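# Descriptive structure summary
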Amino acid sequence: MVAVVVLLLSSSAGANGGEDAATLNGNGGQLRKVVERHCAACHNGESDENDLNLVAALENTSDGDNVDLWSNVIKMVQFGEMPPAGEDQPDAAEQESLLRGADAVLISLGEDSLLEAIATDPTLANYVSHEELFNGKHQGPAFTPSRLWYKQAEQAGTGTVNGPALDNLLTLFNVRIAQQVDGVMEQGKLSREDSEQMKERDARAKEIQQIEDPAERLALLAKLPDKIEPPYVMAKYDQAYYEFAHADGEPAEEHCAEVLRRAFIDILKRPPQDDAELAKYVALLREKSAKIGRGPALKATLLAIHLKPEVFYRLELGMGEQLADGRRRLAPLETYHALCHAMGVTPVADIGEKPRIRVREGTLSALNQVLLLAAYEGQLNTPAGIRETLAPYLASDRKEGTNVSGYYYGDQSKMIGPRGKMLDFYRGYFGYAEAVDNFKDNKPNRPDYLVKDADYFVNHVLNTDKDVLKELLTADTYPFPYNKNFGIVCNTRSWFKEHRGHYGLELKPLLAGELNSRVVDEVWIDGRGRERTKQDILITFDDRAGLLTHPVWNFAHSKNNETDPVIRGKWIREKLLAGTVRDIPIQVDAKVSDDHSKTLRERFNVTKETYCWSCHKKMNPLGMPFESYDELGRYREIDQLANKPIDSSGYIDGTGEKGIDGEVKTAVELARRLGDSTRVRQSFVRHAFRFWMGRNERLSDSPTLMAADKAYVESGGSMQALVLSLVTSDSFLYRR
């Protein structure tokens, strides 16, 4: 999502329920009973089970040295790694007692709840059982805990210019207060202030912020200059504030109400919620005007509005209809804001009346206005209405219908709207954009070009919107912009000179028909509703399949000077197979030999020692096939340093699917098998859920996840169908 959750207003389903460690662990306690029945036979200090002595730990639950022990107990039990296969397994009630008991011990030791962290920390999301999420046993009800979103700078601005909210607040204390009296001017435009004035303003602002007593704040505000100078840059509606501040006599109640209605819209992007809210600020403005004059009183009142939480936070409390089970529906305007952020558009100000579409309806630039109009007309009150409103704007970049997904020919990362959000998701999910931060000698490697190529490939797949995940994992044809004037693959000539070696292409002009390539025309509709035409050249490779064998993915998931099967294998285990890999124990020195007379696979034999292999078996077999691609993503068959052939064999496990699990000979074979896996598809749905919901999935979200997976499958693998299913789900629309 585009913001950071800073507060969850309801506890996780995994919280300890208020029972303390003594209750759960004392004589007759449930934790002790479960440990003695299922764990003590091995983990008793007498058997060599990694020196894990749960019996002793139970005798002294106040021992702070056992924090890591109890954390590992929770993680391994939560993910079914303990007790091991073949041993007597705890039933559901026993497992819950074990998890809650261990979590209670952690809390009693002064640690945060690990079960709560699993519900909120994205790095721990996979510890929620994949099987339980998709077996249909959990029927909800689905909801998202009521929450506040901290607004990023570009979203927290007030008025017509989206400057940072904090800067808007600070500039209220400027000696030339009218320059920022309504909070619409960007900091950088205050060019008449010298550095000393800036320092004075910031110091005064910080001084006032530290005062908790509102009366003291207002007293300090009263010391500010009472004369308001005309602003250097004046929006039309600024005049209302200027005239109010300079009028004579005490202000009439109607005049105060008029100027404050404007202030609510300018600052909060909404009118007062009711007469009572407006009356509160009218009374404050009139009272202070009588004591300190109109100008300072207006400053104080505008400050009070600026200090409302919604300036800095977007509220998702569920202000709509309450159901019998305690869930509350998002109110229409809450739904409007949530959908704007989910669709990658900036909400427009709600002026308290039904809006008029000011740009051509059907174009991307109208989406925020269309959604606000839909909120007023009741279209956002039902999933069907939301679906009908959004569907045209999620359509692929084809000529048919009103297709406006914000396709941008050139730098794909600059796209906005629903397609821009989808691209953001795939960049984060596959992690290929991290290539630009993976230090390697920047030239002639140019990771920024590789990232653009991957963006281009992702958008090419999204254009057809069929079997999207499978295509991204298995397609052996990559699209590139085609310049018909030069007959080469390029955005610029520097791509041609410095970049094509990553793909194994000869450094010469590539004409249509060379290698296994063809040129295609594509007609699309841009964000302003204009029809455009461009040409792509599609090149088919024998040694690549999808993003996992694309140069940029291997570039991003490697070290600066060599490959790393652990990084690559861990990514597949966690992102595609919904698995987990525990952190490296602090006492482990995770190094491999620097003997480059051996291949990396040979040097990694050290990880097959018993203690290491319990984790490395989850990563190495999945990462080793990608040894066919060096740290720059170039295909190779020989390890140049060892002068030995590359062994690209590997192994897939964990899907439980016939035809998927088993040995593979190459990375291409591995990618194609994963593309056919049900578990991989469901894991992908889980990550999409996290992105568009802005939180981890819980067992109560099982109906939402299963419905989204079903929508994706029944639509033939449509990303549009998946997103629509998520944003019309109970998990998206209800709070508790």
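Presented here is a report on the structure given in the accompanying data block. All residue numbers here refer to positions counted from 1 along the written sequence of the relevant chain. Residues qualify for local features only when their pLDDT is at least 70, as the model is predicted, and side-chain atom pairs are given and counted only at 80 or more; totals for whole chains, interfaces and linings, by contrast, use all residues. The side-chain quantities take in all heavy atoms of the structure and omit both hydrogens and water.

## Overview of the overall build of the protein
Scanning the protein for helices and strands turns up 34 helices and 13 strands. Taking the contacts inside the protein whose residues are at least 6 apart along the sequence as the reference set, 66% of them involve residues at least 24 apart. Per-residue and other accessible areas were derived by the Shrake-Rupley procedure at a 1.4 Å probe size, with only the shown protein chains allowed to occlude residues. In the structure as shown, the protein presents an accessible area of about 33300 Å², 49% of it carried by carbon and sulfur atoms. Only runs of H or I of at least four residues qualify as helices and only runs of E of at least two qualify as strands under DSSP, and these elements are numbered from the N terminus. Pairs of residues are marked as contacts when any of their non-hydrogen atoms sit within 4.5 Å.

## Points about the packing of aromatic side chains
Within 6.5 Å between ring centres, the rings of Phe, Tyr and Trp (the latter by its six-membered ring) count as paired, and their orientation is classed by plane angle as stacked under 30 degrees, edge-to-face over 60, tilted in between. For the coordinates displayed, the defined rule picks out 19 aromatic pairs. Chaining the aromatic ring pairs together yields one cluster made of F425, Y426, Y429, F430, W553, W571, F626, F684, F691, W692 and Y712. Above the plane of the ring of F244 lies R294, whose end atom (NZ or CZ) is 4.8 Å from the centre. Over the aromatic face of Y734 sits the side chain of R327, whose NZ or CZ is 4.8 Å from the ring centroid. Geometrically, a charge over a ring is one whose NZ (Lys) or CZ (Arg) sits within 6 Å of the ring centre while staying within 35 degrees of the ring normal.

## Focus on the nonpolar core
As used here, the term nonpolar core means buried Ala, Val, Leu, Ile, Met, Phe, Trp, Tyr and Cys residues forming a set that is joined through side-chain atoms within 4.5 Å. Burial here depends on accessible area, computed with a 1.4 Å probe over protein chains only, as a share of the maximum for the residue type. Under 20% is buried, over 50% is exposed, and the range in between is partly exposed. Counting 117 residues, the largest nonpolar core has W70, F430, W692 and M719 as its most contacted members. Considering every element that reaches this core, the biggest residue donor is helix α31 (residues 678–693), with eight residues. If near-sequence neighbours (up to four positions away) are discounted, F430 is found in contact with L472, L473, L547, L548, W553, H557 and W571. Counting 20 residues, the second-largest nonpolar core is a separate cluster that includes C256, L268, A297 and L298.

## A closer look at the packing of helix α20 (residues 417–430) against helix α22 (residues 447–464)
Here an angle of 0 to 180 degrees is reported between the N-to-C directions of two axes, which are lines fitted to C-alpha atoms, with helices fitted over the stretch in contact. The geometry of α20 relative to α22 is characterised by a closest axis approach of 11 Å and an angle of 125° between their N-to-C directions. As judged from the angle between their axes, α20 and α22 are oblique. α22 is crossed by α20, and the crossing has right-handed handedness. In contact with R419, M422, L423, Y426 and R427 of α20, α22 contributes V451, D455, V458, N459, L462 and N463. Gly falls in the polar group here, along with every residue not listed as nonpolar (Ala, Val, Leu, Ile, Met, Phe, Trp, Tyr, Cys, Pro) or charged (Asp, Glu, Lys, Arg). Looking at the contact of α20 with α22, its residues break down into six nonpolar, two polar and three charged. For classification purposes, angles smaller than 35 degrees are called roughly parallel, those larger than 145 roughly antiparallel, those between 65 and 115 roughly perpendicular, and all remaining angles oblique. Crossings are sorted by hand: turned counterclockwise from the far helix by less than a right angle, the near helix makes the crossing left-handed, and turned clockwise it makes it right-handed.

## Overview of the environment of A708
Following the sequence through the fold, A708 ends up in helix α32 (residues 702–714). For A708, a relative accessible area of 0% corresponds to the buried category. Taking the C-alpha atoms as reference points, A708 and T728, separated by 20 residues in sequence, lie 9.9 Å from one another. A708 has contacts with V685, L722, S725 and L726, leaving out every residue within four places of it along the chain.

## A short note on the pattern of salt bridges
Only one rule defines a salt bridge in this text: a Lys or Arg side-chain nitrogen within 4 Å of an Asp or Glu carboxyl oxygen. Under the counting rule described, the total for this entry stands at 26 salt bridges. Linking D564 and K559 is a salt bridge whose minimum nitrogen-to-oxygen distance equals 3.8 Å. Through salt bridges with shared partners, a single network forms among R147, E316 and R735.

## Side note on helix α26 (residues 565–576)
Here the expected length of a helix is defined as 1.5 Å per residue gap, with one fewer gap than residues. For α26, built from 12 residues, the straight-helix expectation of 16 Å at 1.5 Å per residue is met to within 8% by its first-to-last C-alpha distance of 16 Å. Within α26, the full set of buried residues consists of P565, V566, R568, G569, W571, I572, R573 and L576. Here a polar contact is recorded for every N or O atom pair within 3.5 Å, except that within protein the pair must consist of a potential hydrogen donor and a potential acceptor, and residues adjacent in sequence are included only if both atoms are side-chain atoms. Where α26 begins, the capping side chain belongs to D564, and its oxygen is found 2.9 Å from the backbone nitrogen of V566. Downstream of α26 by one or two residues, A578 has phi in the positive range, about 55°.

## Let's talk about unusual backbone geometry
Each neighbour pair has its own omega, and for G140 with P141 the value is 5°, a cis peptide bond. The residue P141 is located in the loop between α7 (130–134) and β2 (147–150) in this model. For A578, which is not glycine, the phi dihedral falls at a positive 55°. Structurally, A578 can be placed in the loop between α26 and α27 (600–603).

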